[in-house]
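Below, each chain spelled out in residue letters.
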Amino acid sequence: MATSKPQRTPEEIEDIILRKIFLVSLIDSMENDSRVVYLEMTAAEILSEGRDLRLSRDLMERILIDRLSGNYVAAEPPFQYLINCYRRAYEEGRKITSMKDKNVRSEMELVAKQAKKLAASYCRIHLGNPDMFPNWDTNKSSVSPLLPLIFSEVSTAVDGFDSSGGVSSPPGFLEEFLRDGDYDSMEPIMKQLYEDLRGSVLKVSALGNFQQPLRALLMLVNYPVGSKALVNHPWWIPKGMYLNGRVIEMTSILGPFFHVSALPDHTIFKSQPDVGQQCFSESSTRRPADLLSSFTTIKTVMNNLYDGLAEVLRCLLKNTSTRENVLEYLAEVINKNASRAHIQVDPLSSASSGMFVNLSAVMLLLCEPFLDASLSKRDKVDPRYVFSSPRLELRGLTALHASSEEVSEWISRSNPSRSTDGENRLLHSQEATSSGSNVGGPSSLNDDKPMSHCSKNAKFSFICECFFMTARVLNLGLLKAFSDFKHLVQDISRCEDTLSTMKAMQGQAPSPQLQQDIDRLEKEMELYSQEKLCYEAQILRDGGLLQRALSFYQLMVVWLVGLAGGFGMPLPSTCPMEFAAMPEHFVEDAMELLIFASRIPRALDGVVLDDFMNFIIMFMASPEFIRNPYLRAKMVEVLNCWMPRRSGSSATATLFEGHQLSLEYLVRNLLKLYVDIEFTGSHTQFYDKFNIRHNIAELLEYLWQVPSHRNAWRQIAKEEEKGVYLNYLNFLINDSIYLLDESLNKILELKELEAEMSNTVEWERRPAQERQERTRQFHSQENIIRIDMKLANEDVSMLAFTSEQITAPFLLPEMVERVASMLNYFLLQLVGPQRKSLTLKDPEKYEFRPKQLLKQIVNIYVNLARGDKQKIFPAAITRDGRSYNEQLFSAAADVLRRIGEDARTIQEFIDLGAKAKAAAAEAMDAEAALGEIPDDFLDPIQYTLMRDPVILPSSKITVDRPVIQRHLLSDNTDPFNRSHLTADMLIPDTELKARIEEFVLSNKLKKSGEDLSLQNIKATIQTTDTTSLIE
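Residues numbered from 1 in each chain as written. Predicted model: local features only at pLDDT ≥ 70, side-chain atom pairs only at ≥ 80, totals over all residues. Heavy atoms only, no water.

In the annotation of an unreviewed UniProt entry, the chain is listed under the name RING-type E3 ubiquitin transferase and assigned to Coffea canephora. The Pathway (unreviewed entry) field of the UniProt record for the chain holds the comment "Protein modification; protein ubiquitination." Taken from UniProt, the Catalytic activity (unreviewed entry) comment for the chain reads in full: "S-ubiquitinyl-[E2 ubiquitin-conjugating enzyme]-L-cysteine + [acceptor protein]-L-lysine = [E2 ubiquitin-conjugating enzyme]-L-cysteine + N(6)-ubiquitinyl-[acceptor protein]-L-lysine." (UniProt positions renumbered as here; feature names shortened; annotations may be inferred.)

Structure below.
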């Protein structure tokens, strides 16, 4: 009968487990495993203490210290040894669970747990004091040995990167290591780790391995010791006298994570792999499916980055001990990159677009909790932050309406005790970001209610800080990227035009230099194309990013309207200071985002635009609230994008056709802005106004087709006949004359160039450089004609369709002659002697449609004749001495018959010509009757007889009322001394008027008396003759 195996005691089991875990022996048993170390000295000490040579819990730390302190070259170096001790303790722990004896199992579990704790503790000691124990590791690295373990812990199967070097972390080790260490011992370890993580993503692009380091960072900040060590790291916010935006990006711990991007950067800081080269090189030859795959990949990895970084910041913000550090970091990044708002950004001193677009996306994610549909947290946003922020430098930003002096005075009145030099340096406006932003009349700010007490030490809620920081980041980041993208597209367009011109010149006069220029330009365009697609991948195709930005700016406009008194019209008579002092870019960025998003298919799907629409209608014609006319003009650009025919969405139609504020105020405010934009204060105001009015004209043309808006328009023309509508009409006529005149003159110049180039023999004799210059000039003229002609067509079209139903303003005394002169001038150009010189090979190419123009001009003549109840229009036509010619009417009628115009319209036009001819004859008779007119009866501007003389209050000169009123429509100054002048300031000269009327009457009587005596003489002669015949 076999003898049963003797049962091991718990002490023996403990000894076996600890020997397996720590790979040590107290007995020299010639162990084959080279990793097992015989602790001879330790064994001798234990024997001298009268104890058995067995390992136990109370000896555990002692044997671990002796094992680490010895120089056992054949065995594992300290760090690997400790990690493997932990691993072996874990494995032994799993085996222990299968022990049958509960008591023994419970004891042995404690042994394994204590071993793990000890291994983790000595790992911390070793990493914190690397020289404490002998280290014979031949593969020493400057990187923390913890890093590969962390990477192995956070890696996933889809990463495609192996940064762990094949090592793995024992289950539970990292958690125990990071959870149980005290800050002082962990701080140097964490410092090294964060520096290593930063280094691992330095100059890594969106296609590189940033995801493992990012997950590692997130893992570390989830532990209190990790978050505290991060914000206390010297590189959390780098210090130094040369600190700028780029330095923070490249040297702070988080900077390189934010630098990871698909967007282009300066060559010095370019990341790898090169996204443009790898995904979009020779894009024109790639399959659409390949491009789509690249777009999807970039969008996905960038959203992983946004989510990871947002989670890192959330972890730090939730912890009250680290929240301030995060806000300080964000403020420092924003403040040191203020120069990103400039048109030209220095890449060596400012952070990259990639960093700021990423930061924009992350800040929007942090804002999500207060971007709910009802915007219920908007009351948490305190406008005083702009003046009292302890962190953000908002004081140098251009305000919506207030000047820096007005804001300073307002604040000092509310805080008299704090009116120190430092406090009074508030809001020193920099150069306006948009031209003309400081244009406007006297201030009409409501400063009766100064803001409640605020100071530099004021406490603001996190929502408030997050709101203003996000607004600044979006301005310097996402919105700046939109601007960069727009300029990139323009550069590509210019390059294409230049390349086309060069190739045409190369075809005519080949030269090696020109071919080199063509090759260089083609390479440049390839790089531009790659950059454009990178922007498209990271921004334009990220619907989620754009939607979150739109939600943020919806909160922005609702909050701003709240500062101005809430939604509703009319606006308060004075602008509240809280609104007037807000940074201008808050509104400008909202408008730019709407314009950009409107041009991306489906980007506005599901977005409620009513709040934006209300805001635009309320403020676009309110210079008392928003001083900068260019900013108000940008609002029209937004509305232009929303016109149904342009947006491609029926949803936007309701904004115009079913929106109460729109039906009541939109046309009125568009007409007002059309007038306001004449004087922007910018040195380019003359040319700027045409582009702005082009947008307004397109919108007005659409609104005219909507019956409810057309009715509103007619009502405005009636109410504002001598107000804003008359001004609008005046500027519309001015622009029409200028644009058509410019276009027709440029056509003549173009034809000269065309004739030069078509004379091949003579052309070839000219030097190549001269030919190139003339060819460039030719293409430039073509573009100018095309643009001017398009704008002229628009203006004439607007005159035509409005005059069909609204005639009274055209026929006012101060306007009728101006209108008649314009129509006569256009008629002369289109059917007069020089019309043949305006013939072009391809007129449509230049938007030149003479037949359509003639039809519209004739329709305006006829429309005004129909509305001319006082029969003053024919006489006004003939008073134009420059262009009127009775033969033009019959010539135009002949052309109209040939092109198939309505017979009734032609007849009415011929009748008007006949009336004008009769009026001309009458005028000549009347002029002859007056004889020589005294000089003081003549208007000093037009040299015509005054009918209603008025005295100008400043210069004291007498002029005819219609003449000066016509002048005042374009310029509110006295033409003789440039002092301010308005129509209500004119002083009637009743005495002179009576003298003029007496002069006219006496001359008429004299003339009629002469006529009567002449008739009598004739009658006498006739009677005498008859009598003599009878006789």
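Text resumes after the structure shown.
Student: Requested: an account of the overall build of the chain, with residues and values cited.
Tutor: What the chain contains, in helices and strands, is 41 helices and seven strands. Here the chain, with 1031 residues, has 51% of them falling under the buried criterion. Put simply, of all contacts in the chain between residues at least 6 apart along the chain, 76% involve residues at least 24 apart. Only carbon and sulfur atoms are counted for the fraction: they give 51% of the accessible area of the chain, which is about 48000 Å². (Helix = DSSP H or I, 4+ residues; strand = E, 2+ residues; numbered from the N terminus. Buried < 20%, exposed > 50% of the residue type's maximum accessible area, 1.4 Å probe, protein only. Contact = heavy atoms within 4.5 Å. Areas by Shrake-Rupley, 256 points an atom, 1.4 Å probe, with all protein chains shown as cover.)

Student: Outline the confidence of the model for the chain, listing residues and values.
Tutor: Detailed conclusions should not be drawn from predicted coordinates in areas where pLDDT is low. Here the chain averages 85 in pLDDT, while 90% of its residues score no lower than 70. Of all secondary-structure elements in the chain, the lowest mean pLDDT belongs to strand β3 (residues 445–446), at 58, while helix α16 (residues 353–367) reaches the highest, 97. A low-confidence stretch, residues 418–443 (pLDDT under 50), is modelled with 60 contacts involving residues beyond four sequence positions or located in other chains. Contacts from residues 1021–1031, a stretch scored under 50 in pLDDT, to residues over four places away or in other chains number zero contacts. (pLDDT = per-residue confidence, 0-100.)

Student: Describe the sheet that holds strand β7 (residues 987–988), and please don't skip the residues or the numbers.
Tutor: Spatially, the three strands line up as an open sheet ordered β6-β5-β7, and their pairing is antiparallel. Two strands lie at the open edges of the sheet, namely β6 (958–960) and β7, each paired on one side alone. Across three bridges, the pairing between strand β5 (residues 949–951) and β6 is antiparallel. Looking at the pairing, Ile951 lines up with Thr958 of β6. (Pairing = 2+ DSSP bridges.)

Student: How would you sum up the UniProt feature "coiled-coil region" (unreviewed entry) in the chain? Please name residues and give values.
Tutor: UniProt tags residues 511–538 as "coiled-coil region" (unreviewed entry). With 96% helix and 0% strand, residues 511–538 has its two end C-alpha atoms placed 41 Å apart.

Student: Describe the packing of aromatic side chains, naming the residues involved and giving the relevant values.
Tutor: Under the defined criterion, the tally for this structure stands at 34 aromatic pairs. With centroids separated by 6.0 Å and ring planes inclined at 80°, the aromatic side chains of Phe485 and Phe596 adopt a geometry described as edge-to-face. Of this pair, Phe485 sits in helix α20 (residues 478–508) while Phe596 sits in helix α24 (residues 585–598); the two residues are 111 residues apart in sequence, bridging distant segments of the chain. Phe596 sits in the buried class, given a relative accessible area of 14%. Site record: aromatic cluster; members linked through ring pairs are Tyr385, Phe460, Phe467, Phe468, Phe552, Tyr553, Trp559 and Phe586. Across the ring face of Phe177, the terminal group of Arg124 is positioned such that the distance to the ring centre comes to 5.7 Å. (Phe/Tyr/Trp six-rings, centres within 6.5 Å; stacked < 30°, edge-to-face > 60°. Lys NZ or Arg CZ within 6 Å of the ring centre and 35° of its normal.)

Student: Can you lay out empty space enclosed by the protein for me, pointing to particular residues and giving the numbers?
Tutor: The full count for this structure, using the stated rule, is three cavities of 30 Å³ or more. Of the pockets and cavities examined, the second largest cavity occupies roughly 50 Å³. Around the second largest cavity, the lining residues are Tyr674, Phe690, Arg693, His694, Asp735, Leu739, Leu791, Glu794 and Asp795. Where the lining of the second largest cavity is concerned, the elements lending two or more residues are α30 (685–704), α32 (724–758) and α34 (768–803). (1 Å grid on protein atoms, 1.4 Å probe; cavity = no way out; pocket = protein on both sides within 12 Å on 5 of 7 lines; lining within 4 Å. Points joined across faces, edges and corners; volume = space filled by probe spheres on them.)

Student: If you had to explain helix α8 (residues 183–201) to someone new, which residues and values would you point to?
Tutor: Between its first and last C-alpha, α8 extends 26 Å over 19 residues, near the 27 Å set by a 1.5 Å rise per residue. At Ile189, α8 shows its maximal bend, which comes to roughly 25°. Within the span of α8, buried status applies to Met186, Ile189, Met190, Leu193, Tyr194, Glu195, Asp196, Leu197, Arg198 and Val201. One or two steps after α8, the chain reaches Lys203, where phi turns positive at roughly 60°. (Expected span 1.5 Å × (residues − 1). Bend = angle between axes of the 7 residues up to and from the residue.)

Student: How would you explain a positive patch on the surface if you had to name every residue and give the values?
Tutor: Taken together, the side chains of Arg835, Lys836, Lys851 and Arg898 make up a positively charged region of the molecular surface. Position of Lys851 among the secondary structure elements: in helix α36 (residues 850–866). (Patch = residues over 30% accessible without salt bridge, like charges linked within 9 Å, V, L, I, M, F, W, Y side chains within 5 Å. Salt bridge = Lys/Arg side-chain N within 4 Å of Asp/Glu carboxyl O. Lys, Arg positive; Asp, Glu negative; His and termini not counted. Charge placed at Lys NZ, Arg CZ, Asp CG, Glu CD.)

Student: Now, about unusual backbone geometry: what can you tell me, with residues and values included?
Tutor: The peptide bond linking Gln272 to Pro273 adopts the cis configuration, its omega dihedral lying at -5°. Locating Pro273 in the fold gives a position in the loop between α12 (255–259) and α13 (275–280). Of note, the amide linkage connecting Met569 to Pro570 takes the cis form, showing an omega dihedral of 0°. Position of Pro570 relative to the elements: it lies in the loop between α22 (543–563) and β4 (575–576). Of note in this structure, Glu847 is not a glycine but carries a positive phi near 60°. As for its placement among the helices and strands, Glu847 is situated in the loop between α35 (813–831) and α36.

Student: Explain the side chain of Glu176 residue by residue, including any values.
Tutor: Mapped onto the secondary structure, Glu176 falls in helix α7 (residues 173–180). Once you skip the residues sitting within four places of it in the chain, Glu176 turns out to touch Tyr86, Lys116, Lys117, Ala120 and Arg124.

Student: Describe the pattern of salt bridges, and please don't skip the residues or the numbers.
Tutor: For the structure shown, the criterion picks out 52 salt bridges. In this structure, Asp52 and Arg54 form a salt bridge, with 3.9 Å as the shortest nitrogen-oxygen distance. Residue classification places Arg54 among the partly exposed positions, given a relative accessible area of 32%. Through salt bridges with shared partners, one network takes in Glu45, Glu49, Arg51, Asp58 and Arg62.

Student: Can you explain the nonpolar core? Please cite residues and give values.
Tutor: Counting 305 residues, the largest nonpolar core has Phe22, Leu146, Phe619, Trp642 and Trp713 as the members making the most contacts within it. No other element matches the 15 residues that α32 contributes to this core. Apart from residues lying up to four places away in sequence, Trp713 is in contact with Val667, Leu671, Leu700, Trp704, Tyr725, Tyr728, Met798, Phe801, Thr802 and Ile806. Counting residues in each nonpolar core, the second largest holds eight residues, with Cys495, Leu499, Ile518 and Leu521 among its members. (Core = buried A, V, L, I, M, F, W, Y, C linked by side-chain atoms within 4.5 Å.)

Student: With reference to specific residues and values, describe the packing of α30 against helix α31 (residues 707–719).
Tutor: Describing two packed helices takes the angle between their axes plus the distance from one axis to the other. Viewed as axis vectors pointing N to C, α30 and α31 meet at an angle of 110°, and their least axial separation amounts to 7 Å. Of the possible angle classes, the one that applies to α30 and α31 is roughly perpendicular. Between α30 and α31, the residues in contact are Leu700, Leu703 and Trp704 and His709, Arg710 and Trp713, respectively. Partitioned by chemical class, the residues of the contact of α30 with α31 number four nonpolar, one polar and one charged. (Axes fitted to C-alpha atoms, helices over the stretch in contact; angles between N-to-C directions. Parallel < 35°, antiparallel > 145°, perpendicular 65-115°, else oblique. Nonpolar A, V, L, I, M, F, W, Y, C, P; charged D, E, K, R; others polar.)

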